Protein chains: 2
Amino acid sequence: MDKVNISDKLDHIDTYWNPHLVGELNGQHVKLSKVKGDFVWHHHADADEMFLVIKGRLVLRMRDRDVILDPGEFYIMPRGVEHLPIAEEEVHLMLFEPEGTLNTGNVRNERTVDNPEWA
Amino acid sequence: MDKVNISDKLDHIDTYWNPHLVGELNGQHVKLSKVKGDFVWHHHADADEMFLVIKGRLVLRMRDRDVILDPGEFYIMPRGVEHLPIAEEEVHLMLFEPEGTLNTGNVRNERTVDNPEWA
């Protein structure tokens, strides 16, 4: 594969909450996503998930606290922990998680993306 | 664990080619490193390695070509591919690779870091 320019790839994403693949290594996927608004409460039973903010401010709401991420900050959500991602304004995210991790985790609704496409 | 501010963590690193741990998930490590100069030709037999440039310009020399990374760009070096990282000026890097990946891969020399410390 070639190198990836994150900004160039983000330019190709024009829908919210629709993570796109940009890399794979060691059974893990690297994804980019544009998000805005509230997502859905969910957890991933068997996957830790890393959220790295590229642009904007992301709130990761958990049942007992919020983590607030600005650009250049990341948080690793441990497997099994319920969370609700919230973006008051548009946020650009990089995600690291195992191949096959569903964006809505244990929940299935209209935002579930079964087969993320490559950006 | 708490959120990680990449810039804050980099402020604590004052040696070159000495990757520091900043996260772990799904058997993978997230590391930050400051590098300058030529490293050493090596490969990782069983690990793909992701190089994400935060600051500066990194050249990933392979036997048949160079990949040049500027800030906001990444490259996934496939397992088994010999490479020589080169930084003419100081470069700040984020790395993703399996736990236990040795920075010098199949080579052992004065730059080998057996047990990376946390930043």
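To keep things clear, this report deals only with the structure shown in the data block. (Residues numbered from 1 in each chain as written. Chains lettered and ligands numbered in written order. Predicted model: local features only at pLDDT ≥ 70, side-chain atom pairs only at ≥ 80, totals over all residues.)

1. With respect to the overall build of chain A
Cut-off, in case you're wondering: Runs of H or I in DSSP of at least four residues are treated as helices and runs of E of at least two as strands, each being numbered from the N terminus. The globule rule is 2.2 Å times the number of residues to the power 0.38, and the radius of gyration it is compared with is taken over C-alpha atoms. Labels follow a simple rule on C-beta atoms placed from the backbone: if 20 or more others lie within 10 Å of a residue's own, it is buried; if 12 or fewer, it is exposed; otherwise it is partly exposed.
A count of helices and strands for chain A gives one helix and eight strands. When the helices and strands of chain A are listed from N to C terminus, the series reads β-α-β-β-β-β-β-β-β. A globule of 119 residues ought to have a C-alpha radius of gyration of about 14 Å, and chain A, at 13 Å, matches this closely. Its C-alpha atoms give chain A principal-axis dimensions of about 40 × 30 × 25 Å. Across the 119 residues in chain A, those meeting the buried criterion constitute 39%.

2. Things to note about the interface of chain A and chain B
Keep this limit in mind: Note on contacts: residues are paired as contacts if their backbone-placed C-beta atoms lie within 7 Å. All amino acids are sorted into three groups, where Ala, Val, Leu, Ile, Met, Phe, Trp, Tyr, Cys and Pro are nonpolar, Asp, Glu, Lys and Arg are charged, and the leftover types, Gly among them, are polar. One bridge is not enough; two strands pair if DSSP finds at least two bridges between them.
Listed by partner, the interface residues are 22 residues for chain A and 22 residues for chain B. Along the lines of polarity and charge, the residues of the side of chain A that touches chain B split into 13 nonpolar, six polar and three charged. Looking at chain direction, strand 1 (residues 4-5) of chain A and strand 7 (residues 73-77) of chain B are connected through two bridges and run antiparallel. Bridging across to strand 7 of chain B, A:Val4 finds its partner in B:Phe74.

3. Points about unusual backbone geometry
Residues and elements named next belong to chain A. Here the phi dihedral of Trp-17 falls at roughly 60°; this positive angle occurs in a residue that is not glycine. Structurally, Trp-17 is set in the loop between helix 1 (6-11) and strand 2 (20-25). Of the residues examined, Trp-17 has 20 C-beta atoms within 10 Å and is grouped as buried.

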